[in-house]
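Structure assessment
If you want the building blocks of each chain, they are given just below.
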Amino acid sequence: MGRHRTIELRQDWSLKLDPAAYRVFSAGQLDDPVQAAELDEFIATCSDGMVLFDVGAHFGVFSLATIHYGGSNARALAVEPSTSACRVLNNQAKLNGIADQITVVRAAAGNSSGWINMLATGVIADGYLVPADGNRPAADLTRVRSVTVDELVRETSLHPTHLKVDVEGQEAAVLRGAHELLSSNATPLVFIELHNDIVRERGDDPSESLNLLQSYGYGDLSIAGRQVSQKDLLIEPLVRAVVRKRP
């Protein structure tokens, strides 16, 4: 209905927001020092003409930052399974006059193409979707297209300089589906949220994502600009890390 709210995310960045996103952006990027530091580190790497693959984009703060700090030649491909989150992100791109620079793909990124069942969760219901286990009634499930990062590279002919992954414990699957990209001579900077406890609760090994990145030639690990070891990244329930290819 044309309504929006404006937030000053950084001193040089005011953003018009869909009302549904205001509380999430304020709580995450202003009130939470860990998330704020993650965004600041991302902003510090932004440059003219950059291309972001925003996997698990939700309301798209990283995609929006890409266009603001990357200029008129920057592009963002936002991959998000939630219909409502895609609607909000598309609305925010329009409100800020950058809809031609952000492409929103309603899908869940993983290690294969096809279709998967997902479950709405979180404080805003279908604003967040996670893979469903096998014990859910059909009425609770949302059928979503599954894509790989490599497939998206081929489909769009975009070559990301930055890859952000925030997929609630499905990090390893996304990285397996980015094998061609991350093994190539291209060296996208990887921003990844490692949901270690979620992965452990599922009975899987949280080190798998880091081992995959290492096999692709990535080994320079940092949190908020501080160099860390793989062991450091596996201690906490959730960590937000930046991973670069080894020289």
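Structure's up top.
Residues numbered from 1 in each chain as written. Predicted model: local features only at pLDDT ≥ 70, side-chain atom pairs only at ≥ 80, totals over all residues. Heavy atoms only, no water.

**Description of the sheet that holds strand 5 (residues 102-106)**
Applied cut-off: Here a strand pair is declared whenever DSSP counts at least two bridges between the two strands. Elements are defined by DSSP. Helices are runs of H or I of four residues or more, strands are runs of E of two residues or more, and each kind is numbered from the N terminus. Any two residues having at least one pair of non-hydrogen atoms within 4.5 Å are treated as being in contact. Think of each axis as a best-fit line through the C-alpha atoms, taken over the contacting stretch in the case of a helix, with angles from 0 to 180 degrees between the N-to-C directions.
Reading across the sheet, the eight strands line up as 5-4-3-10-11-14-12-13 and stay open at both edges, with mixed pairing between neighbours. Taken across any chain shown, the strands that pair with only one partner, and hence form the sheet edges, are strand 5 and strand 13 (226-227). Note: strand 10 (residues 162-165) against strand 11 (residues 189-195), four bridges, orientation parallel. What sits directly across from Leu163, in strand 11, is Val190. Here helix 2 (residues 33-45) sits on the sheet in contact with strand 3 (51-55), strand 10, strand 11, strand 12 (218-223) and strand 14 (238-245), set at roughly 165° to strand 11. Across the sheet, helix 5 (residues 149-156) lies against strand 3, strand 4 (75-80) and strand 5, angled at about 140° from strand 3, the strand it touches most.

**Some points on the nonpolar core**
Put simply, the test is: We call a set of buried residues a nonpolar core when its members are Ala, Val, Leu, Ile, Met, Phe, Trp, Tyr or Cys and they connect through side-chain atoms within 4.5 Å of each other. Relative accessibility decides the category of a residue: with a 1.4 Å probe and only protein chains considered, values under 20% of the type maximum give buried, values over 50% give exposed, and everything between is partly exposed.
The biggest cluster of nonpolar side chains holds 36 residues, and the ones touching the most others in it are Phe53, Val149, Leu182, Val190, Ile192, Leu213 and Leu233. Contacts of Leu213, omitting those with residues within four sequence positions, involve Leu175, Leu182, Val190, Tyr218 and Val243. Core analysis: the second largest hydrophobic core is formed by 35 residues, Ala65, Ile67, Tyr69 and Ile98 among them.

**Points about the packing of helix 2 against helix 3 (residues 61-70)**
The line we're drawing: Crossing handedness follows the turn of the near helix against the far one: under a right angle anticlockwise gives a left-handed crossing, and clockwise gives a right-handed one. Following the grouping adopted for this structure description, the nonpolar residues are Ala, Val, Leu, Ile, Met, Phe, Trp, Tyr, Cys and Pro, the charged ones are Asp, Glu, Lys and Arg, and the polar ones are all others, Gly among them.
The N-to-C vectors of helix 2 and helix 3 enclose an angle of 35°; their axes lie 10 Å apart at closest approach. As helix 2 runs across helix 3, the sense of the crossing is right-handed. Along its contact with helix 2, which presents Glu38, Leu39, Phe42 and Ile43, the element helix 3 presents Val61, Phe62, Ala65, Thr66 and Tyr69. Here the residues of the contact of helix 2 with helix 3 are counted per class, giving seven nonpolar, one polar and one charged.

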